[in-house]
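# A structural walkthrough
The residues making up each chain are set out below.
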Amino acid sequence: MPALVLLGAQWGDEGKGKATDLLGGSVDYVVRYQGGNNAGHTVVVGDQKYALHLLPSGILSPGCTPVIGNGVVVDPSVLLSELSGLNERGVDTSKLLISGNAHIITPYNVTVDKVTERFLGKRKIGTTGRGIGPTYADKINRVGIRVQDLYDESILTQKVEAALDGKNQLLTKLYNRRAIAVDQVVEELLGYAEKLAPYVTDTVLLLNQALEANKVVLFEGGQGTLLDIDHGTYPFVTSSNPTAGGACTGSGVGPTKISRVIGILKAYTTRVGSGPFPTELFDEDGEALRRIGGERGVTTGRDRRCGWFDAVIARYATRVNGLTDFFLTKLDVLTGWEQIPVCVAYEIDGRRVEELPYSQSDFHHAKPIYETLAGWSEDITKAKSFSELPKNAQAYVKALEEMSGAPISAIGVGPGRDETIEINSFL
Ligand code: GDP
Ligand code: IMO
Ligand code: MG
């Protein structure tokens, strides 16, 4: 059972970092397959807390090789500072591997991200401003810069010229900004080449060879299902495919190799940035979820929008990812509520709708239909098995499982590695 995918089942920040880190000790490779430093994955090991953006969460497990796959977009300055930050804290990062085919987030992509958002005004996406969208746009437009281009100055210069030709027109004529000089960009990018060289390799070949040798490979998604460019709440999404198929295109490993797809699912719902969110709360319950759950963005420091659990979303995630399991996180955050509403369906223009509507306009009108489940007040953070949970917490988990369409195989009851109840083994 060599290849597993672990991904976000909602709008990101479900606790993927913690879940990946937990499995990291038992797998040989952890691979990021899409996204970039828009991600913020928190891992708590003992009294140490790490915030990872670009590096796979497996980097904290000494036996595991972390891999940045071809589908990721890499900001070299962020990568190098993340590496040196970990080195200063005594983490060995020498095993890291980076695909030569991964695309580079250039300084002009970051500029374009910011000016585009400003021009969208109140229609803005609320991006992380890290250059993610423009970098993927360049990739699809075939004017992107890849990691391997850093090692051929003449090709790099030609490519930066091609990319900047059109962009400088836009920047100067439309956005009223100064043009960006090709030489300056090339010089900056070449400055990263030597520092990154020890890590750059053919990760596609390597991962496939590893799988042939029966090594265990874990694919770690960034963002979440509803932020997927194809399957999310477009246009309020990120510019890549966090859903399960992205693990294949973003790594060069075929779908027949993947045996397990684990959806990380928060016991309630959060979202950062703009876009529809049917169960969003604007009252003190929302404020309490934010406070107790520490729901503040790891990357941008923005408050996360909070709401009750949405089973329609969870069912959708099961379907589009072919989920085999859920890892339910942050159950402990719900301790203390007497009653916990759970959204089981939507009302859209007077109709009851059980599944996520494909029409964006319908989704914007969706009103949650709630069922109320009984809460619990006992501290659950020390629970090590399902049977140690209070009866009402057990019933909450069972109800979510029933509504969501895949078994809940682990439950998070705190941020730490060991604050987890394992029900079915993932390996
Ligand atoms: P990611 O982007 O999916 O990796 O998630 P983030 O790290 O952005 O946000 C999840 C937050 O919840 C982090 O602060 C984690 O330390 C924390 N966390 C993860 N699992 C649990 C859990 O089961 N209980 C609690 N209380 N916190 C958790
Ligand atoms: P992790 O991996 C939550 C959101 C942004 C914005 C939209 C597009 O920590 O779960 P982008 O910069 O990607 O073009 O922004 O996507 N977003 C995230 N929200 N968690 C993330 O990552 C996110 N990465 C991007 O807030 O709404
Ligand atoms: Mg996050």
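Parameters at a glance
Residues numbered from 1 in each chain as written. Chains lettered and ligands numbered in written order. Predicted model: local features only at pLDDT ≥ 70, side-chain atom pairs only at ≥ 80, totals over all residues. Heavy atoms only, no water. Near = heavy atom within 4 Å. Polar contact = N/O pair within 3.5 Å; in protein donor to acceptor, adjacent residues only side chain to side chain. Areas by Shrake-Rupley, 256 points an atom, 1.4 Å probe, with all protein chains shown as cover. Helix = DSSP H or I, 4+ residues; strand = E, 2+ residues; numbered from the N terminus. Nonpolar A, V, L, I, M, F, W, Y, C, P; charged D, E, K, R; others polar. Domains from an automatic or database assignment. Contact = heavy atoms within 4.5 Å. Buried area = accessible area lost by both parts, 1.4 Å probe. Salt bridge = Lys/Arg side-chain N within 4 Å of Asp/Glu carboxyl O. Donors = N, O, S within 2.8 Å, 3.2 Å for Na, K, Ca; no water. Pairing = 2+ DSSP bridges. UniProt positions renumbered as here; feature names shortened; annotations may be inferred. Buried < 20%, exposed > 50% of the residue type's maximum accessible area, 1.4 Å probe, protein only.

Residues in close proximity to ligand 1 total 19 residues, the closest being Lys16, Gly17, Gly40, Thr42 and Asp332. A distance of 2.6 Å separates a nitrogen atom of ligand 1 from a polar atom in the side chain of Asp332. Within the contact set of ligand 1, an oxygen atom lies 3.2 Å away from a backbone nitrogen or oxygen of Gly412. Isolated, ligand 1 exposes 580 Å² of accessible area, and the fraction of that covered by the protein chains is 92%. Listing elements by their share of the shell around ligand 1, those giving two or more residues are helix 1 (16-24) and strand 3 (41-45). Among the elements that line the shell around ligand 1, the one with the most residues is helix 1, at three residues. Here the shell around ligand 1 is composed, by residue class, of four nonpolar, eight polar and seven charged.

What follows concerns the site of ligand 2. Lys16, His41, Thr128, Gln223 and Thr238 are the nearest of the 21 residues found near ligand 2. Take Gly126: an N or O atom from its main chain is 3.4 Å from an oxygen atom of ligand 2. Contact distances for ligand 2 include 3.1 Å between an oxygen atom and a backbone N or O atom of Val272. Its free accessible area being 550 Å², ligand 2 has 97% of it covered by the protein chains. In the shell around ligand 2, the residues fall into seven nonpolar, 11 polar and three charged. Residues from two domains meet in the shell around ligand 2; each of domain 1 (3-91 + 203-422) and domain 2 (103-198) gives at least three.

Segmenting the protein chain into domains produces domain 1 (3-91 + 203-422) and domain 2 (103-198). Computed over C-alpha atoms, the centres of domain 1 and domain 2 are 29 Å apart. Contact residues are listed per partner, giving 26 residues for domain 1 and 19 residues for domain 2. Between domain 1 and domain 2 the total buried area reaches about 1800 Å² when both faces are included, carbon and sulfur atoms providing 62% of it. Applying the counting rule to domain 1 against domain 2 returns zero salt bridges. Inspection of the domain 1/domain 2 interface yields nine residue pairs in polar contact (both at pLDDT 80 or more).

On to the coordination of the magnesium ion (ligand 3), then. Coordination sphere of the magnesium ion (ligand 3), protein contribution only: Asp13 (OD) and Gly40 (O), at 2.0 to 2.1 Å. Remark: Gly40 occurs in the loop between strand 2 (29-32) and strand 3 and Asp13 occurs in the loop between strand 1 (3-8) and helix 1; sequence separation between them is 27 residues.

A separate point is unusual backbone geometry. Here Tyr234 and Pro235 are connected by a cis peptide whose omega angle stands at 5°. Following the sequence through the fold, Pro235 ends up in the loop between strand 10 (217-220) and helix 8 (244-249). Its identity is not glycine, yet Asp13 carries a phi of approximately 60°, on the positive side. The backbone of Asp349 shows a phi angle near 45°, a positive value even though the residue is not glycine. Looking at where Asp349 falls in the secondary structure, it is placed in the loop between strand 16 (339-348) and strand 17 (351-353).

Regular strands place their side chains on alternate faces of the sheet. As judged from the five bridges shared by strand 3 and strand 4 (residues 48-52), these two strands associate in the antiparallel manner. When the bridges of strand 4 are listed, Val43 appears paired with Tyr50. The antiparallel hairpin formed by strand 3 and strand 4 contains two residues in its connecting segment, where Gly46 sits at a positive phi of about 60°.

Mapped onto the present numbering, the UniProt feature "active site" (unreviewed entry) falls at Asp13, His41 and Lys139. These annotated residues cover 127 residues of sequence, and their C-alpha atoms reach 25.8 Å apart at the extreme, placing them across more than a single site. Looking at where His41 falls in the secondary structure, it is placed in strand 3. Discounting chain neighbours no more than four positions away, the residues touching His41 are Lys16, Gly17, Arg32, Tyr50, Ala51, Leu52, Ser57, Glu220, Gly221 and Gly222. With respect to the secondary-structure elements, Lys139 resides in helix 4 (residues 132-141). Under the relative-accessibility criterion, Lys139 is labelled partly exposed at 28%.

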